[in-house]
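Given next are the chains, with one letter for each unit.
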Amino acid sequence: MRIHILKDYEEVSTKAASVVSSQIILKPNSVLGLATGSTPLGMYQKLVEMYNDQMVGFSEVITFNLDEYLGLNPEHPQSYNYYMYNNLFNKVNLSEDRINIPSGDIDKLEEFCKEYDQKIDRAGGIDLQVLGIGTNGHIGFNEPDHILKTGTHVVELAQETIEANSRFFDSLDEVPRRAISMGMSSIMRAKKILLLASGENKAEAIKRTISGEITTEVPASLLQLHPDVTVVVDKKAAKLIG
Ligand code: F6R
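This structure is a prediction, so every number in the text was calculated from the model and none was measured. Think of each chain on its own: its residues are numbered from 1, step by step along the sequence as written. Two thresholds apply to this predicted model, a pLDDT of at least 70 for residue-level local features and 80 or more for giving and counting side-chain atom pairs, whereas whole-chain, interface and lining totals are computed over all residues. As a rule here, side-chain values cover all heavy atoms of the structure and leave hydrogens and water aside.

**With respect to the packing of helix α1 (residues 9-26) against helix α2 (residues 41-52)**
Okay, step 1: Only the stretch in contact is used when fitting a helix axis, every axis being a line fitted to C-alpha atoms; angles between N-to-C directions are given from 0 to 180 degrees. Numbering goes from the N terminus for both helices and strands, where a helix is a DSSP run of H or I of at least four residues and a strand is a run of E of at least two. Between α1 and α2, whose axes approach to 8 Å, the crossing angle comes to 55°. Of the possible angle classes, the one that applies to α1 and α2 is oblique. Here α1 runs over α2; the crossing is right-handed. Across from Tyr 9, Glu 10, Ser 13, Thr 14, Ala 16, Ala 17, Val 20 and Ser 21 in α1, the residues of α2 making contact are Leu 41, Gly 42, Met 43, Lys 46, Leu 47 and Met 50. The scheme is simple: roughly parallel for angles under 35 degrees, roughly antiparallel for over 145, roughly perpendicular for 65 to 115, oblique for anything else. In this scheme the crossing of two helices becomes right-handed for a clockwise turn of the near helix relative to the far one and left-handed for an anticlockwise turn of less than a right angle. Here, residues are in contact when the closest pair of their heavy atoms is within 4.5 Å.

What follows is the structure, encoded as structure tokens:
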């Protein structure tokens, strides 16, 4: 793992945008795995700025998003579809047929999950997977458990995740209890991984990811087994790794 400890969220976002844009410049038809949540917001903002300044283009890029809440339609303001279109897809030259993101209102879930993994394979696999991390060490919505799922699957969200994500909803009751998420092998098969974290509440998860035992109880700790992981964190998230 390459670990970059930067001053603050602004620097994390700049570094993350530069890793993603370099990937696209070196390989214009890159397949990107994308995350939502508060952490990559600054990175998306910077990528849009770089696109506007004609420093990077997305016309050949293909994207696969990590996850989506079940029960929220794509127009719901808290859906990850809404987030992605609002923060990136509508702001750059990425055509609709190159965007892949699970929808929260699909009926045939099992078929969808299988097809999603096959689509990633047909695209040649993910070149660069961007990840945030939950306070409990989840990546995507692969929650701590005694076993982890390999492919894209339906997840019951952990109480800690429901509580952490309630900040985006009017009440705890409104947070969906289920989601669809890429599995651990979909993530681990990415050629490169970029893990981002900011803030003190991520410090314990980052410590356990980088230097703790490899355990399904901290899904991000499995990243220690991946040959090409870049971790970009601010000082607060790096507090326990010195
Ligand atoms: C989102 C995702 C989640 C988040 C994680 C951290 O697509 O896969 O694993 O990355 O919950 O969320 P934030 O960045 O909001 O702290």
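Moving on from the model shown.
**Thoughts on the pattern of salt bridges**
Okay, step 1: Within this document, salt bridges are pairs made up of a side-chain nitrogen of Lys or Arg and a carboxyl oxygen of Asp or Glu, the two lying within 4 Å of each other. This structure, assessed with the given rule, holds 8 salt bridges.
Okay, step 2: Lys 46 serves as the salt-bridge partner of Glu 10, at 2.8 Å between the closest nitrogen and oxygen. Here Lys 46 lies in helix α2 and Glu 10 lies in helix α1, a separation of 36 residues in the sequence.
Okay, step 3: With a 1.4 Å probe rolled over the protein chains alone, any residue whose accessible area is under 20% of its type maximum counts as buried; one over 50% counts as exposed, and the rest are partly exposed. Its relative accessible area of 48% is what places Glu 10 among the partly exposed residues.

**With respect to the site of the ligand**
Okay, step 1: Near the ligand you find 14 residues, and of these Thr 39, Asp 67, His 138, Gly 140 and Lys 202 are the closest.
Okay, step 2: Polar contact criterion, stated in full: a pair of N or O atoms within 3.5 Å, where within protein one must be able to donate a hydrogen and the other to accept it, and residues adjacent in sequence count only if both atoms are side-chain atoms. At 2.9 Å, a side-chain N or O of Thr 36 approaches an oxygen atom of the ligand.
Okay, step 3: Within the backbone of Gly 140, a nitrogen or oxygen atom sits 2.7 Å from an oxygen atom of the ligand.
Okay, step 4: Protein coverage of the free-state accessible area of the ligand, which is 410 Å², stands at 95%.
Okay, step 5: Residue polarity is assigned by list, with Asp, Glu, Lys and Arg as charged and Ala, Val, Leu, Ile, Met, Phe, Trp, Tyr, Cys and Pro as nonpolar; anything else, Gly included, falls into the polar class. Looking at the shell around the ligand residue by residue, the classes come out as 3 nonpolar, 8 polar and 3 charged. Residues are counted as near a molecule or strand when any one of their heavy atoms sits within 4 Å of it. Using a 1.4 Å probe, the Shrake-Rupley method yields the accessible areas, and only the shown protein chains count as cover for residues.

**A look at helix α7 (residues 203-210)**
Okay, step 1: Looking only at α7, the buried set comprises Ala 203, Ala 205, Ile 206, Thr 209 and Ile 210. Along the long axis of α7, the arc covered by the buried residues comes to 165°, so they all point the same way.
Okay, step 2: If you follow the buried residues of α7, they end up packed against β1 (2-6), β9 (192-197) and β10 (229-234). As used here, the arc is the angular range of directions from the helix axis to the C-beta atoms.

**Description of the nonpolar core**
Okay, step 1: Residues belong to a common nonpolar core when they are buried Ala, Val, Leu, Ile, Met, Phe, Trp, Tyr or Cys residues joined through side-chain atoms within 4.5 Å. By size, the foremost hydrophobic cluster in this structure holds 39 residues, and its most contacted members are Val 20, Met 43, Leu 47 and Leu 88.
Okay, step 2: Looking at this core, the elements that each hand over two or more residues are α1, β2 (31-34), α2, α3 (80-87), β6 (128-131) and β9.
Okay, step 3: The residues touching Leu 88, leaving out its near neighbours within four places in the chain, are Leu 34, Tyr 44, Leu 47, Val 48 and Tyr 83.

**Things to note about the packing of aromatic side chains**
Okay, step 1: A pair of Phe, Tyr and Trp rings is counted when the ring centres sit within 6.5 Å of each other, with Trp represented by its six-membered ring. The angle between the planes then sorts it: under 30 degrees is stacked, over 60 is edge-to-face, the rest tilted. The final tally for this structure, using the stated rule, is 9 aromatic pairs.
Okay, step 2: Arranged with centres 4.9 Å apart and planes meeting at 40°, the rings of Tyr 69 and Tyr 80 form a pair that is tilted. Within this pair, whereas Tyr 69 is found in strand β4 (residues 67-69), its partner Tyr 80 is found in helix α3, the two being separated by 11 residues in sequence. Considered together, Tyr 69 and Tyr 80 belong to a single accessibility category, that of buried residues.
Okay, step 3: Aromatic side chains Tyr 85 and Phe 89 sit 5.1 Å apart centroid to centroid with 85° between the ring planes, which places their arrangement in the edge-to-face category.
Okay, step 4: We classify Phe 89 as buried; its relative accessible area is 3%.
Okay, step 5: Taken together, the ring pairs connect Tyr 69, Tyr 80, Phe 141 and Phe 169 into an aromatic cluster.

**Observations concerning the sheet that holds β6**
Okay, step 1: A pair of strands is considered paired only if DSSP assigns at least 2 bridges between the two. On the basis of which strands lie adjacent, the open sheet formed by 7 strands has the order β1-β10-β9-β6-β2-β3-β5 and parallel pairing. The sheet is open, and its two edges are formed by β1 and β5 (99-100), each paired on a single side.
Okay, step 2: Taken together, the 5 bridges between β1 and β10 define a ladder with parallel strand orientation. By the bridge assignment, Leu 6 is partnered in β10 with Asp 234.
Okay, step 3: Set on the sheet, helix α4 (residues 109-122) makes contact with β3 (62-65) and β5; between it and β3 the angle comes to about 150°.
Okay, step 4: Taken strand by strand, α7 contacts β1, β9 and β10, and its axis lies near 150° from that of β9.

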